[in-house]
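# Structural characterization, general
Here is how the chains run, residue by residue.
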Amino acid sequence: MDLITTTADLAAACSRLAKHPVITVDTEFLRETTYYPLLCVVQMASAEEAIVIDTLAAGIDLKPFFELMANESVLKVFHAARQDIEIIWHQANIIPHPVFDTQVAAMVLGYGDSIAYDALVEKVTGHRPDKTHRFTDWSRRPLTKEQMHYAVSDVTHLRDVFAALDADLKKRRRSEWVSIEMEVLTSPRTYDFHPERAWERLKTRVRKPKDLAVLMEVAAWREQEAQSRDVPRGRVLRDEAISDIATHAPTTLEKLANLRSVPKGFEKSKWGADIVAAVERGLKRDPATLPKLEKPRNNSNGAAIVELLKVLLRMTAERHAVASKVIATVDDLEEIAADDEADVPALRGWRRELFGDAALKLKRGELALAIEKGRVIGVQRA
């Protein structure tokens, strides 16, 4: 176990790791008070060694690490990789590739929805990881021996987890399923946080073009403000306040102050005037330039269809030992209930073979659900 604090040592370590076809990677960071995560530690392991990189060491250049992340000859194994990849994308403008996410693989193999690292390690290896330093302040220096041991154990246990999951995927012929998911995980669009697209992250559902236009402008303003000040989005304005503003479109500071979701006195700050200006920009937008709104669904049995699809989904997930969340989301089911040609992952690729076709048959009455010996089964109908 080595602590890397200089660029020369980092370059030498990355050169050694680059000779291996597979390495495991994890990061420790802080982002509770910032928009952009502060990378504090990187730990990596090959079959022969494990290292810890002090990314906050004075004068260290992380270029060798980033080059290793871009090395196409080395598979990088993460657990729940999205935030790790986001950090690397932000700092170096590269997406690690190729990658393997053990959390996604575990879902494909039926370990449950978004299983935590320590739970997966225990299920696969029987070892119970030490959780003591999970919420430690990784920005404090010097790093303790206990922190070093914790950091290294993350990537050494990950080697065993990867080996077991990879073998199981190959045995059950599901490696391609994970590969498809990795294409999404390593797409730059996944990490595109341009203010103009900030509204897409919100769960707010609007029905009027005017509301959507205001939502887009206010969400873009908040994203720009959070980025420029490097503070969490919620520190600028909470999601529910943006939703209220989109619905009520306050064009004066007085009207803004009347919204219960807006903090008291907010309208008196510079941000108050900025929001009113954003609302006005939204109201001036040409409706023809806006994304198409989802049309209200007139199917009075829509909710009942979704409930039946949920039963089918759970039955399918249990039968094939796949986490239901990786097959289809509730939003997917709602889309399928409303439209046989819905553009959702559940109606494409392996998901369609596993679930999508059966879902459409259930909708058309070609498949029925029944209970046999205490289990839900599908029954083909003539």
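Residues numbered from 1 in each chain as written. Predicted model: local features only at pLDDT ≥ 70, side-chain atom pairs only at ≥ 80, totals over all residues. Heavy atoms only, no water.

## Quick notes on the domain arrangement of the protein chain
- Split into domains, the protein chain comes out as domain 1 (5-188), domain 2 (193-287) and domain 3 (299-378).
- For domain 2 versus domain 3, the distance between C-alpha centres works out to 36 Å. (Domains from an automatic or database assignment.)

## Some details on the pairing of strand S4 (residues 50-54)
- Counting buried residues in S4 gives five out of five residues, a clear majority hidden from the surface.
- Residues Ala 50, Val 52 and Asp 54 of S4 are buried on one face, and the alternating residues Ile 51 and Ile 53, pointing to the opposite face, are buried as well.
- Alignment of strand S1 (residues 2-4) against S4, held across three bridges, turns out to be parallel. Residue pairing across strands places Leu 3 opposite Val 52, the latter belonging to S4.
- Inspection of the sheet shows strand S3 (residues 38-45) paired to S4 by five bridges, in the antiparallel sense. Of the residues in S4, the one forming a bridge with Gln 43 is Val 52.
- Remark: four residues form the turn of the hairpin made by S3 and S4, two consecutive strands paired antiparallel. (Buried < 20%, exposed > 50% of the residue type's maximum accessible area, 1.4 Å probe, protein only. Helix = DSSP H or I, 4+ residues; strand = E, 2+ residues; numbered from the N terminus. Pairing = 2+ DSSP bridges.)

## Looking at the pattern of salt bridges
- Taken as a whole and judged by the stated rule, the model has 24 salt bridges.
- Between Arg 351 and Glu 181 there is a salt bridge, and its shortest N-O distance comes to 2.7 Å. A residue pair is termed long-range when its members are at least 10 positions apart, and Arg 351 in helix H16 (residues 349-364) and Glu 181 in helix H7 (residues 175-185) qualify at 170 residues.
- Classification of Arg 351 by relative accessible area gives buried; the value is 9%.
- Using a relative accessible area of 16% as the deciding quantity, one classes Glu 181 as buried.
- Two residues, Lys 210 and Asp 211, come together in a salt bridge whose shortest N-O distance is 2.9 Å.
- The exposure class assigned to Lys 210 is partly exposed, which follows from its relative accessible area of 36%.
- By relative accessible area, Asp 211 is classed as buried at 9%. (Salt bridge = Lys/Arg side-chain N within 4 Å of Asp/Glu carboxyl O.)

## Thoughts on the environment of Ala 346
- Locating Ala 346 in the fold gives a position in the loop between helix H15 (330-338) and H16.
- Its relative accessible area of 0% is what places Ala 346 among the buried residues.
- Counting along the chain gives 227 residues from Ala 346 to Ala 119, while the straight-line C-alpha distance between them is 27 Å.
- Beyond its immediate stretch of four places on either side in the chain, Ala 346 contacts Ile 327, Ala 328, Asp 332, Ile 336, Arg 351, Arg 352, Phe 355 and Gly 356. (Contact = heavy atoms within 4.5 Å.)

## Remarks on a nonpolar patch on the surface
- A cluster of nonpolar side chains, contributed by Val 311, Ile 371 and Val 376, occupies part of the molecular surface with about 250 Å² of accessible area.
- Within the fold, Val 376 resides in strand S8 (residues 375-380).
- Note on Val 376: relative accessible area 33%, which makes it partly exposed. (Patch = residues over 30% accessible without salt bridge, like charges linked within 9 Å, V, L, I, M, F, W, Y side chains within 5 Å. Areas by Shrake-Rupley, 256 points an atom, 1.4 Å probe, with all protein chains shown as cover.)

## With respect to the state of the cysteines
- Enumeration according to the criterion identifies zero disulfides in this entry.
- The thiol sulfur of Cys 14 is not disulfide-bonded, and the nearest other cysteine sulfur, from Cys 40, lies at 18 Å.
- Residue class for Cys 14 comes out buried when judged on its relative accessible area of 4%.
- Of the residues examined, Cys 40 reaches a relative accessible area of 0% and is grouped as buried. (Disulfide = S-S within 2.5 Å.)

## Focus on the environment of Val 276
- By secondary structure assignment, the location of Val 276 is in helix H12 (residues 270-284).
- Once the C-alpha coordinates of Val 276 and Thr 252 are considered, the two residues, 24 residues apart in sequence, prove to be 6.2 Å apart.
- Excluding residues within four positions of it along the chain, Val 276 makes contact with Pro 250, Thr 251, Thr 252, Leu 253 and Leu 256.

## Considering the UniProt feature "domain: HRDC" (unreviewed entry) in the protein chain
- With numbering matched to this structure, UniProt assigns "domain: HRDC" (unreviewed entry) to residues 208-289.
- Between the C-alpha atoms that bound residues 208-289 there is a distance of 14 Å. The span itself is 67% helix and 0% strand. (UniProt positions renumbered as here; feature names shortened; annotations may be inferred.)

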